[in-house]
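Now for the letters of each chain:
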Amino acid sequence: MGRILVVGAGLSGAVVARELAEAGFACLVIDERDHVAGNCHTSLDESTGIMVHRYGPHIFHTDNDAVWAFVGRFGEWVPYRHSVYSTVRGKVFSLPVNLLTINQFFGTAMTPAEARAFVAAQAEPIAVPANFREQGLSLVGEALYEAFFRHYTSKQWGTDDRNLPAAILRRLPLRFSYDINYFHHQRQAMPRDGYTALTQRMLEHPRIELRLGTAAEAVEERFDHTFYSGPLDRYFGYRLGRLGYRSLRFEELRLEGDALGCPVMNFPDPDVPWTRMTEHRHLSPWRKPLSDTSIVWREFSEATEPGKSPYYPLRLAGDERLLRDYVGLANAEHGITFLGRLGCYAYIDMDAAIGRALETARVAIAAFGAHAAPPAFVHDPLGKA
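As a starting point, this report considers the structure included with it. Starting from 1, residues in each chain are numbered consecutively following that chain's sequence as written. For a predicted model such as this one, the threshold for reporting local features is a pLDDT of at least 70, and the threshold for listing and counting side-chain atom pairs is 80 or more; totals across whole chains, interfaces and linings nevertheless cover every residue. Computation of side-chain values: all heavy atoms of the structure, hydrogens and water removed.

### What to know about the nonpolar core
Cut-off, in case you're wondering: We call a set of buried Ala, Val, Leu, Ile, Met, Phe, Trp, Tyr and Cys residues a nonpolar core when their side-chain atoms join them within 4.5 Å. Note on classification: 1.4 Å probe, protein chains only; a residue is buried when its accessible area is under 20% of the maximum for its type, exposed when over 50%, partly exposed between these limits. To qualify as a helix, a DSSP run of H or I must reach at least 4 residues; to qualify as a strand, a run of E must reach at least 2; elements of each kind are numbered from the N terminus. By definition, residues are in contact when any of their heavy atoms lie within 4.5 Å.
Core analysis: the biggest nonpolar cluster contains 52 residues, and F148, F149, L232, F338 and F377 have the highest contact counts within it. Among the elements that take part in this core, helix α5 (residues 132–157) stands out by supplying 9 residues, more than any other. Sequence-distant contacts of F149, that is, excluding residues within four places in its chain, are made with V97, F132, V140, L144, L169 and L172. Within the second largest apolar cluster, 41 residues are counted, among which are A14, A21, C40 and L203.

### Regarding the pairing of strand β7 (residues 84–88)
Heads up, the condition is: The pairing criterion is simple: DSSP has to find at least two bridges between the two strands.
Buried residues dominate β7, accounting for 4 of its 5 residues. Bridge count between β7 and strand β13 (residues 264–266): 3 bridges; the pairing is parallel. Its bridge partner being in β13, Y85 is matched across the sheet by M265.

### Examining the pattern of salt bridges
Basically, it comes down to this: Here, a salt bridge means any Lys or Arg side-chain nitrogen found within 4 Å of an Asp or Glu carboxyl oxygen.
All told, the structure shown has 24 salt bridges when counted by the stated rule. The residue E146 makes a salt bridge to R150 at a minimum N-O spacing of 3.2 Å. Of this pair, E146 and R150 both sit in helix α5, 4 residues apart, which is roughly one turn of the helix. With a closest N to O distance of 3.0 Å, K308 and E302 form a salt bridge. By sharing partners, the salt bridges in this structure join R3, E209, R211 and E221 into a single network.

### Comments concerning the state of the cysteines
Threshold: Throughout, a disulfide means two cysteine sulfur atoms within 2.5 Å of one another.
Throughout the structure, instances matching the rule amount to 0 disulfides. Summary of cysteine pairing: C27 is not part of a disulfide, and the nearest cysteine sulfur, belonging to C344, is at 18 Å. Unpaired in terms of disulfides, C344 finds its nearest cysteine sulfur in C40, a separation of 16 Å.

### Quick word on the packing of helix α1 (residues 11–22) against helix α11 (residues 350–369)
Packed helices, taken two at a time, are described by the angle between their axes plus the distance between the axes. Stated precisely, the cut-off is as follows: The axes are straight lines fitted to the C-alpha atoms, using for helices just the contacting stretch, and the angles between their N-to-C directions are given from 0 to 180°. The sense of a crossing depends on the near helix, which, turned anticlockwise from the far helix by less than a right angle, makes the crossing left-handed and, turned clockwise, makes it right-handed. Gly counts as polar in this scheme, as do all residues outside two lists: the nonpolar Ala, Val, Leu, Ile, Met, Phe, Trp, Tyr, Cys and Pro, and the charged Asp, Glu, Lys and Arg.
Two numbers describe how α1 lies on α11: the axes approach to 8 Å, and their chain directions differ by 35 degrees. Considering how the two elements wind past one another, α1 and α11 form a crossing that is right-handed. Packed against α1, whose contacting residues are L11, S12, V15, V16, E19 and L20, the element α11 presents M350, A353, I354, A357, L358, T360, A361, I365 and F368 at the interface. Class assignment of the residues belonging to the contact of α1 with α11 gives a composition of 12 nonpolar, 2 polar and 1 charged.

### Focus: the environment of R133
The criterion, for reference: Counted as a polar contact is a pair of N or O atoms within 3.5 Å, where, for protein atoms, one must be capable of donating a hydrogen and the other of accepting one, and residues adjacent in sequence contribute only when both atoms are in side chains.
Tracing the sequence through the fold places R133 in helix α5. Classification of R133 by relative accessible area gives buried; the value is 19%. As for R133 and P165, which are separated by 32 residues in sequence, their C-alpha atoms are 8.7 Å apart. Apart from residues lying up to four places away in sequence, R133 is in contact with Y145, E146, R150, D161 and R162. Looking at R133, its side chain comes within polar contact range of the side chain of D161, at 3.5 Å.

### Structural notes on the sheet that holds strand β2 (residues 27–31)
Read across the sheet, 5 strands follow the order β10-β2-β1-β11-β17 without closing on themselves; strand pairing throughout is parallel. Single-partner strands in this sheet number two, and they are β10 (208–212) and β17 (336–338). If you compare each strand with its neighbour and ignore which way they point, the axes differ by 15 degrees on average. Pairing geometry for β2 and β10, over 5 bridges, is parallel. For L28, the partnering residue across the bridge sits in β10 and is E209. Across the face of the sheet, α11 comes into contact with β1 (4–7), β11 (225–228) and β17 while running at roughly 170 degrees to β11.

### Side note on the environment of R298
Relative to the assigned elements, R298 resides in strand β15 (residues 293–303). With 50 residues separating them along the chain, R298 and I348 place their C-alpha atoms 23 Å apart. Sequence-distant contacts of R298, defined by excluding residues within four places in its chain, comprise R249, F250, E251, L253, W274, R276 and M277.

Quick look at the structure:
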C-alpha cells in the first residue's frame, strides 16, 4: 500500500491518520481551512487569556474506555461539568428539564414522585409520535413544551416543529431529581490546551504530512486510498442536489465582568432572534483571565448556503431520500472511505466521532493487510450498521 489521502483535519481525519501512520502507512492530510480540529477549533484570545471555541462550545463526554484512552495520549484533560440554563419569559431555569425546573416553572414544591405523576398527567397520549411536536407533547405536555422546546427548536432548525423527526427530542433527558449536570457520562473533561492543540499532537508523526488551506478538488496527486470526511454531496459535485444543513452565525460581545454566570444560556422565547449565548471563560474555569473583560457570543441559526460551514444535518424526508441515492453512488466507488459527520451526513458527538474513526482505521488496516479495499462506509449512514 502506497500513500493515503485523508481529506479533513478534524477529529475524524486526525484519528484515522494517526492510526494508519502508527500502522506503517504514509498519509497526506489536507484541510481547506487554515487550522486543524474542524469545528472543534479553539484558540487563545491574547488580550483576555480566554480560550475561545471558534465554532461554538464543544464539551467532551464519554463512557467509551477506548476513546478515553486514545485522547489521553495527546494531552492533559481537566475534569469539567457542563451547565446550561434557559431564560424563559424573563425568568431563568436550569436545563435539562429537571425537578428544580418543574417546581420553578409551575410554582410548586413537588417531590420526585409527585412531579413524575404531574408531568404524566400533563402529557398527551400519543402512542407513536410522528414528529418533533408530537414527541414533545407526549413527553412533557403543552406548557413545558411551549416554554422550552417549541420555539427554540423552530429557531434552531428553521422550520415548523411538525416538519422535524421525533428522534431529535429523544436525545434530551427529562429528570425527576435536582441533578442539573447536563451530561451523565462517566468522563466529562476539557483538554487543558484546547482541542486544536490536541488535534495537532495527533497529527505530529513522521508518516503524516499536513497541508492546510488545501481543498480536495485542488489535489492532483494519485493515492492508493482516500479517507474523506468532507460533505458527502460535495464529493459528487452535488450532482443529485444538496443535502440540507443548518449553519451558525456568531456575534461577539466583549463585556466587563461575569456576564452570564454560566457557560451557556438558552433563549427559547420566539421574540429573541438568537438561540443561545456562550461565555467562553466558563468553558475553561481553570484559566485565569488577564482582565475583567469577558468574551460572550450570541449564536444565530441560519440556512446553509454556498460558502457557509454546514453544522447540523437536517435529515428531513427529502434529505433521507437524497442521502440514500448518494450512499448508492458512494458504494459504487472504489478506493475511498467516507467518515465523520459530513461524510456520513450524521450528527454525532465528539466521542462517537472518535470511536467511529478508530473502528474505521481498524477495518482499513485489516483490509490493507489482506490486500483488499476497505468499504465505502464502515458505519452506514442509513442506519444499518
